[in-house]
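Survey of secondary and tertiary structure
In case you want the letters, here they are:
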Amino acid sequence: MTFHPLDPLTAGEFTAAAAILARERGVGPGWRFASIELVEPSRHARAAFDGAGAVPERLARLVVLNRAENSTWVAIVSLSADALLNWSAVPGVQANFTVDEWDEADAALRAHPDVVAALARRGITDLANVFIDTWTYGDAVIPERFRGRRIGWSDVWVRAEAGANPYAGPVSGLHFVIDVNTMELLDVEDSFEVDRPAVMGEYVPHLVPPRIRDLSRRPPLKPLDIVQAEGPSFTVTGHRVEWQNWSLRVGFNYREGMTLHEVSYRDGERVRPIANRLSFAEMVVPYRDPSVDHFRRTAFDIGEWGLGFMTTSLELGCDCLGEIRYLDAVLHNSAGEPYSIPNAICIHEEDNAVLWKHVDHDGGSEVRRMRRLVVSFHVTVANYEYLVYWRFYQDGNMECEVRATGIMVVTSLDPGQPHPNGTLVDTRTYAPFHQHFIVARMDLDIDGPENTVFRSETHVEPIDEANPLGLALTQRNTPLETEGFDDYDWATQRSWKVVNEKTSNGLGTPVSYKLVPGGAIPSFFDPASPVFQRSQVIGHTVWVTPADDLQRWPCGEFVNQSAVDHGLPEWTLAGRPVRNADIVLWYVFGIHHITRPEEWPVMPADTVSFWLKPVGFFDRNPSLDVEPGASGHAHGHGHHDEH
């Protein structure tokens, strides 16, 4: 038996959850299932399962939308008892968009005579090469006459030929507004027209013009084979992964995509908890161009669309390299019907150069190669790909890395037209500046649930009698007593330690893990901006709150068509204590994307990451026991390790 209460919902459970609402509330035709997800069992329930095998009640939470009434409902169902436990309306909100709505909007628009006519006026008559991409709205930019509706706005793109890159052919100045409940075309916004420039926007090899392709002098690569003849060093049992003292469980849902649970490290005879739950809780992508084509373009890729729904299948040799183990994922469409995503999550280990090394003056040397465990998933959100990697190291470090790739949004220009809010990337074509803010939600359990976050800063001591050369640095650690936010400070190299003040290491100091910030960027927003008002979380680097299963979404649960941030800014007004408490550390990081020609027509991965590093969690280097490779210790300065 590999079942665990944290295992994601199965296909049968999705079907059963939808069937309960169909039976009890008539949810069927005319409705959409915006989301169905597992209600994760409490710590107490999981402990009872681990200790005595007591299986907790299996619950699911559903958000459904009545299209005719434009109303949103939330339900809790018991899959164990086949019963509806709670059914309530949520007035004045819009649930997340669904993939089905996006597909149906494309079909409805391309079949509408007014859309066909608008395209024809621009000389576009072959709709087979037309791509219509519907985006969500924020409250501030919803036209007054369409308030109270569930609406989207659409870009239009045209491929140069079948199979070509649609994002290389923007139809600038033409947008459609659609009611996605009724699929009614509400408006054709034909603002301006630009003579389409001749661009080279292709990246598929056979579509790249010979004049460019033939310039290549890049020699071919020799094969690089990664072979583990005895198999990998990790084991996967159900959704539990174990490797080199690490243990963790992998989850998956429609909104966060991959989640990690019960992360622990075996230290001698003790299994020591480090994190209860790790995930991405929101991704805010504002485009910093107020022009007609882009003023509405602010995406909440997690809250409006869902990383799970956008997850793609991974391929050996392309997305993952080496001895791979995959986990499939199961989700549902807007009719509540399950579908599978094969190879949704990749698990593998990598060589990562040297772990530690020293060459002694007498000629002896010791060196250890570094291995790391990688758990990853990839998502495609329209034009962008986000590749997410959680890495676990033999020395107790954890790294979270995100790589952004895909295709930049572009707009065509008239000859000589300025483009102050973007970079020229092709002939009369610019890519607007934008930002990617990712909010990591980390429910850490450093040797247990009672933790305190300390601000850790380096200070320069003044020159005085005790410090005549001005060499002295000190590290000041200040506990955060009350929930709230904090900001990165380059001048003090500020970081944050999550400390268990009730547990000490062998040296007598409290155990902790440190958040080492990477990719911490300012919002560059006026606080009065309507875009900032609905995403205030991006205004600060770190937030700390008490753990609360009902407080998962930093900008609020319903961000589609939202006006204000109903998440962290509102929760933290309560001023709850967070010292020696079960806390959540929220980290805001990302990419400040000042676009470049070298990122066109397809973008090389832009990489950003942060680390969680042990600080006094261990008594000494925990990787001393890593075995040497074939030639891991040697004598003589001239020796070269051949591992």
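Residues numbered from 1 in each chain as written. Predicted model: local features only at pLDDT ≥ 70, side-chain atom pairs only at ≥ 80, totals over all residues. Heavy atoms only, no water.

**As for the state of the cysteines**
Note the following rule: Cysteine sulfur atoms are paired as a disulfide whenever they come within 2.5 Å of each other. Strands are runs of DSSP state E lasting at least two residues, helices are runs of H or I lasting at least four, and both sets are numbered from the N terminus onward. With a 1.4 Å probe rolled over the protein chains alone, any residue whose accessible area is under 20% of its type maximum counts as buried; one over 50% counts as exposed, and the rest are partly exposed.
Inspection of the entire model under this criterion finds 1 disulfide. A sulfur-sulfur separation of 2.5 Å characterises the disulfide bridge that pairs C320 with C346. With a gap of 26 residues between them, C320 in the loop between helix 6 (301-305) and strand 15 (325-332) and C346 in strand 16 (residues 338-359) connect regions that are remote in the sequence. The exposure classification of C320 matches that of C346, with both residues buried. Not part of a disulfide, C318 finds its nearest cysteine sulfur in C320, a span of 9.7 Å.

**Side note on the UniProt feature "domain: AGAO-like N2" (unreviewed entry) in the chain**
Operational definition: UniProt positions are given in the numbering used here, feature names are shortened, and annotations may be inferred rather than shown by experiment.
Here, UniProt's "domain: AGAO-like N2" (unreviewed entry) annotation points to residues 10-82. Secondary structure across residues 10-82 divides into 34% helix and 34% strand, with the first and last C-alpha atoms of the span separated by 15 Å.

**A look at the side chain of S279**
Heads up, the rule is: Each polar contact in these results corresponds to two N or O atoms within 3.5 Å; when the atoms are within protein, one needs to be able to donate a hydrogen and the other to accept it, and residues that are neighboring in sequence are counted only if both atoms are side-chain atoms. Whether two residues touch is decided by their heavy atoms; if any such pair falls within 4.5 Å, the residues are in contact.
Its place among the elements puts S279 in strand 13 (residues 270-286). A distance of 2.6 Å separates a polar atom in the side chain of S279 from a polar atom in the side chain of E256. Contacts of S279, omitting those with residues within four sequence positions, involve E256, T259, V439, A440 and R441.

**Brief notes about helix 3 (residues 99-111)**
Where we set the bar: An expected span of 1.5 Å times one less than the residue number is assigned to each helix. What the arc measures is the spread of directions leading from the helix axis to the C-beta atoms.
Taking 1.5 Å per residue as the helical rise, helix 3 with its 13 residues ought to reach 18 Å, and the 19 Å between its terminal C-alpha atoms agrees with that figure. Listed as buried for helix 3 are E101, A105, D106 and L109. An end-on view of helix 3 places all buried positions within 140° of arc, on one side of the element.

**Quick word on the environment of V602**
Here V602 lies in the loop between strand 30 (583-593) and strand 31 (603-615). V602 sits 510 residues away from G92 along the chain, and the two C-alpha atoms are 40 Å apart. In this structure, V602 is in contact with Y203, G406 and I407, ignoring residues within four places of it in sequence.

**Description of the pattern of salt bridges**
Selection criterion: Salt bridge, as used here: a side-chain nitrogen of Lys or Arg that lies within 4 Å of a carboxyl oxygen of Asp or Glu.
Scanning the entire structure with this criterion turns up 48 salt bridges. Residues D187 and R145 are paired through a salt bridge, measuring 2.8 Å at the closest nitrogen-oxygen approach. Of this pair, D187 sits in strand 8 (residues 184-190) while R145 is found in the loop between strand 5 (130-135) and strand 6 (151-158), placing the two residues 42 residues apart along the sequence. Here R369 makes a salt bridge to D351, at a shortest N to O gap of 2.4 Å. Residue R369 is located in strand 17 (residues 364-381), and its partner D351 is located in strand 16; the two are separated by 18 residues in the primary sequence. Assessed through its relative accessible area of 26%, R369 is described here as partly exposed. Relative accessible area serves as the criterion here: at 42%, D351 is assigned to the partly exposed category. Each member of the salt-bridge network shares a partner with another, and the members are E37, E40, E256, R277 and R552.

**Side note on the side chain of E401**
By the element assignment, E401 lies in strand 19 (residues 398-406). A distance of 3.0 Å separates polar atoms of two side chains, one belonging to E401 and the other to R391. When sequence neighbours within four positions are dropped, the list of residues in contact with E401 reads L387, V388, Y389, R391, T607, V608 and S609.

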